[in-house]
Amino acid sequence: MKNYIRLFIICISLTLGLVSCETDFENPNAATEDQVFSSREGIFAAAVGLQQLYSTTGIRWIVETPAVTTREGGITTTFQNMIELEDGGTALPNFNSNVQGLWSTMLRVIKIAEDIEANANTIELEAGTQSGLIAHAKLFKAMAIGSLAQNYEQVIVETSNDNDASFVSRTEGFQTAITLLSEAATQIAATAPSSEFINGITLGNIDLPNTIAAMTARYNLFAGNYDAAISAANSVDQSVTSIFAYDSQNQNPIWARVIQNDAPNFKPRDNFGLPAEFVFDLADGRLAFYLVPLDETNQNGLPIEDISGFFNEITEPIPVYLPDEMNLIIAEANLRSGSPNLGAATAALNEVLTDTDDPFDVNAAVGAYAGPNTVDDLLDEIYKNRRAELFLTGMSLEDSRRFGRPQPSGAAMNYDEERNRNFYPYPDLERNSNPNTPDDPSI
């Protein structure tokens with residue numbers, strides 16, 4: 001594994017000059033891309049590194065950036081990037097390091113995934129190893145595109161060595177992710193991943209079939225493909241888990257931002273950052289699972305708490321997805337379909353509310369839904385439970401828009417707003433190198 005990590009460093013250095021938003025610098029002493037991807041060891045290092053890059057640097061930006069924008073978290077630092085993010089509005093600059101970090105890291109993930117897929121068939125590998133590598137790369141490329149599409153109005157789905165990658169709508173981005181996931185599922189259905197792949201890459205931490213199905217359900221919901229979302233969510237075995245594992249060298253990235261050195265960058269907000277109209281049963285187990293009462297406010301007067309759950313230890317694993325997300329997808333999709341099925345939606349919602357045996361111990365363990373039996377009321381309840389169940393999973397900005405929560409005004413420092421942006425501006429790094437970069441969204 002240490003050899004893979006060393007090789008991964010070479011792979012990452014290669015990608016820095018090859019995604020559309022980066023400047024290309026020659027290093028005569030570096031291994032060439034052909035050399036890295038010409039051996040079993042090289043492509044294994046790239047796959048390990050792909051997973052590591054997404055689970056450490058990637059998860060930091062995926063979780064932290066929308067968390068501050070949608071008030072899941074309140075900043076507790078004087079770092080300018082975090083101040084800009086919490087202030088939000090039209091003043092959020094294109095050079096903000098969160099805006100840039102999220103964008104550029106996801107493009108690096110996409111580039112590495114593309115290289116793995118392009119080269120896996122050129123190396124002599126066991127069939128199941130080759131299949132696993134290709135499906136794994138497609139999965140991570142899909143998740144990277146999906147993460148971009150949740151946060152930017154237009155996205156890149158194929159990188160370009162010439163710094164002229166094309167942009168597509170975020171809806172097309174989700175559809176591209178869905179296609180990649182379908183290809184990955186077909187790949188491993190035809191040839192199951194080998195033990196060599198599992199022992200060398202995922203280490204048994206990520207269950208490919210269920211993770212692919214879960215992401216298929218997620219992105220179909222976001223794309224408005226409700227029947228497909230329900231079908232995919234129903235196919236997920238909710239007793240099976242997939243995690244991003246961490247160690248002292250590859251640390252839990254949210255722990256590193258919230259707890260490390262007693263100098264946090266942000267802390268979670270009271271009530272999962274929701275306004276007072278969303279009332280939780282005090283016995284709801286998710287309150288104690290994620291939040292530790294602090295009775296403090298940050299420098300902008302936002303009430304904050306200490307963090308628990310998946311983020312309070314340096315090596316605490318983070319789920320790739322939470323099983324009850326599937327029930328929430330089923331509930332929402334049944335309400336948004338052409339013929340809303342209130343009974344099916346309520347039944348799926350109650351699976352979440354009454355859950356007492358979640359494999360990650362995220363158990364609401366409260367009574368079944370007893371509110372008005374209308375589409376609007378049920379959607380409000382689903383939104384509330386998505387914020388609680390899927391706290392700090394990077395989906396809060398997507399959810400806030402999709403559920404029609406109040407629009408931001410565009411004014412900076414309006415901390416009463418539920419979200420202070422709809423989408424992020426495109427980073428200067430991209431705009432300065434890629435002539436195809438679109439105009440920024442107004443807010």
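Up top you'll find the structure we're talking about.
Below you will find a few notes about this structure. Being a predicted model, the structure only gives us computed values, none of them experimental. (Residues numbered from 1 in each chain as written. Predicted model: local features only at pLDDT ≥ 70, side-chain atom pairs only at ≥ 80, totals over all residues. Heavy atoms only, no water.)

## Digging into the pattern of salt bridges
(1) Moving on: Evaluation of the coordinates by the stated rule reveals 23 salt bridges.
(2) Moving on: A salt bridge links Glu 64 to Arg 257; the shortest N-O distance between them is 2.5 Å. Of the two residues, Glu 64 sits in helix 3 (residues 40–69) while Arg 257 sits in helix 11 (residues 253–258), which places them 193 residues apart along the sequence.
(3) Moving on: Its salt-bridge partner being Glu 398, residue Arg 401 comes within 2.8 Å of it at the nearest N-O pair. Placement of both Arg 401 and Glu 398 in helix 16 (residues 396–402) is noted, with a separation of three residues, approximately one turn of the helix. The same class applies to Arg 401 and to Glu 398, which are both buried.
(4) Moving on: The network of salt bridges with common partners includes Arg 170, Glu 332, Arg 336, Arg 386, Glu 398, Asp 399, Arg 401 and Arg 402. (Salt bridge = Lys/Arg side-chain N within 4 Å of Asp/Glu carboxyl O. Helix = DSSP H or I, 4+ residues; strand = E, 2+ residues; numbered from the N terminus. Buried < 20%, exposed > 50% of the residue type's maximum accessible area, 1.4 Å probe, protein only.)

## Some words on the side chain of Lys 384
(1) Moving on: Looking at the secondary structure, you find Lys 384 in helix 15 (residues 375–389).
(2) Moving on: Sequence-distant contacts of Lys 384, defined by excluding residues within four places in its chain, comprise Leu 274, Phe 278, Val 279 and Phe 280. (Contact = heavy atoms within 4.5 Å.)

## With respect to the environment of Ala 228
(1) Moving on: Residue placement: Ala 228 occurs in helix 10 (residues 226–234).
(2) Moving on: Looking at Ala 228, the relative accessible area reads 34%, which means it is partly exposed.
(3) Moving on: The sequence separation of Ala 228 and Ala 217 amounts to 11 residues, and the corresponding C-alpha distance is 7.1 Å.

## Considering the nonpolar core
(1) Moving on: Formed by 128 residues in total, the largest nonpolar core has its most connected members in Ile 116 and Tyr 290.
(2) Moving on: By residue number, the principal contributor to this core is helix 3, which donates 14 residues.
(3) Moving on: With sequence-adjacent residues up to four places away left out, Ile 116 is seen in contact with Phe 37, Ile 43, Ala 46, Ala 47, Leu 50, Leu 133 and Ala 137. (Core = buried A, V, L, I, M, F, W, Y, C linked by side-chain atoms within 4.5 Å.)

## Section: the pairing of strand 7 (residues 303–307)
For a regular strand, side-chain orientation follows a simple rule: the groups alternate between the two sheet faces.
(1) Moving on: Here four bridges tie strand 6 (residues 291–297) to strand 7, and the two strands are oriented antiparallel to one another. Bridged to Thr 297 within strand 7 is Pro 303. (Pairing = 2+ DSSP bridges.)

## What about helix 6 (residues 127–151)?
(1) Moving on: Taking 1.5 Å per residue, 25 residues should reach 36 Å; helix 6 reaches 37 Å between its end C-alpha atoms and fits that length.
(2) Moving on: By the criterion of burial, helix 6 is predominantly enclosed, with 23 of the 25 residues buried. (Expected span 1.5 Å × (residues − 1).)

## Observations regarding the packing of aromatic side chains
(1) Moving on: Scanning the entire structure with this criterion turns up 23 aromatic pairs.
(2) Moving on: Ring geometry for Trp 103 versus Phe 167: centroids 5.7 Å apart, planes at 15°, classification stacked. In this pair, Trp 103 sits in helix 5 (residues 97–119) while Phe 167 sits in the loop between strand 2 (154–155) and strand 3 (168–169), placing the two residues 64 residues apart along the sequence.
(3) Moving on: Exposure remark for Trp 103: the relative accessible area of 1% places this residue in the buried category.
(4) Moving on: Relative accessible area serves as the criterion here: at 13%, Phe 167 is assigned to the buried category.
(5) Moving on: In textbook terms, an aromatic cluster arises when at least three aromatic residues are bridged by ring pairs, as seen for Phe 272, Phe 280, Phe 289, Tyr 290, Phe 310, Phe 311, Phe 360 and Phe 391.
(6) Moving on: Over the face of the ring belonging to Trp 61 we find Arg 60, whose NZ or CZ atom lies 3.8 Å from the ring centre.
(7) Moving on: Positioned over the ring face of Phe 403 is Arg 336, at 4.7 Å from the centre of the ring. (Phe/Tyr/Trp six-rings, centres within 6.5 Å; stacked < 30°, edge-to-face > 60°. Lys NZ or Arg CZ within 6 Å of the ring centre and 35° of its normal.)

## A few points about unusual backbone geometry
A negative phi angle is the norm for most residues apart from glycine, just as the trans form is the norm for most peptide bonds.
(1) Moving on: One non-glycine residue, Asp 295, lies in the positive phi region at around 55°.
(2) Moving on: As for its placement among the helices and strands, Asp 295 is situated in strand 6.
(3) Moving on: With phi around 65°, Asp 361 is a residue other than glycine that occupies positive phi space.
(4) Moving on: Tracing the sequence through the fold places Asp 361 in the loop between helix 14 (342–353) and helix 15.

## Comments concerning the packing of helix 9 (residues 208–223) against helix 13 (residues 323–336)
(1) Moving on: Relative to each other, helix 9 and helix 13 sit at 30°, their axes nearing to 10 Å. Regarding the angle of helix 9 to helix 13, the classification is roughly parallel. For the pair helix 9 and helix 13, the sense of crossing is left-handed. Contacts between helix 9 and helix 13 pair Ala 214, Ala 217, Arg 218 and Leu 221 from the former with Glu 325, Met 326, Ile 329, Glu 332 and Ala 333 from the latter.
(2) Moving on: Among the residues forming the contact of helix 9 with helix 13, the class breakdown is six nonpolar, no polar and three charged. (Axes fitted to C-alpha atoms, helices over the stretch in contact; angles between N-to-C directions. Parallel < 35°, antiparallel > 145°, perpendicular 65-115°, else oblique. Left-handed = near helix turned anticlockwise from the far one by under 90°. Nonpolar A, V, L, I, M, F, W, Y, C, P; charged D, E, K, R; others polar.)

## So, the packing of helix 6 against helix 9
(1) Moving on: The geometry of helix 6 relative to helix 9 is characterised by a closest axis approach of 11 Å and an angle of 25° between their N-to-C directions. Our classification of the angle between helix 6 and helix 9 gives roughly parallel. The element helix 6 and its partner helix 9 pack so that their crossing is left-handed. Contact residues: Gly 132, Ala 135, His 136, Leu 139, Ala 142, Met 143, Gly 146, Ser 147 and Gln 150 in helix 6; Leu 208, Thr 211, Ile 212, Met 215, Tyr 219 and Phe 222 in helix 9.
(2) Moving on: Along the lines of polarity and charge, the residues of the contact of helix 6 with helix 9 split into nine nonpolar, six polar and no charged.

## Quick look at the environment of Arg 257
(1) Moving on: When its relative accessible area of 13% is taken as the criterion, Arg 257 is described as buried.
(2) Moving on: Taking C-alpha positions, Arg 257 is 35 Å from Ala 118, a pair spaced 139 residues apart along the chain.
(3) Moving on: Those residues within four positions of Arg 257 in sequence are excluded, and the remaining contacts are Arg 60, Glu 64, Asn 81, Met 82, Pro 264, Asn 265 and Phe 266.
(4) Moving on: Among the polar contacts listed, one links the side chain of Arg 257 to the side chain of Glu 64, at a separation of 2.5 Å. (Polar contact = N/O pair within 3.5 Å; in protein donor to acceptor, adjacent residues only side chain to side chain.)

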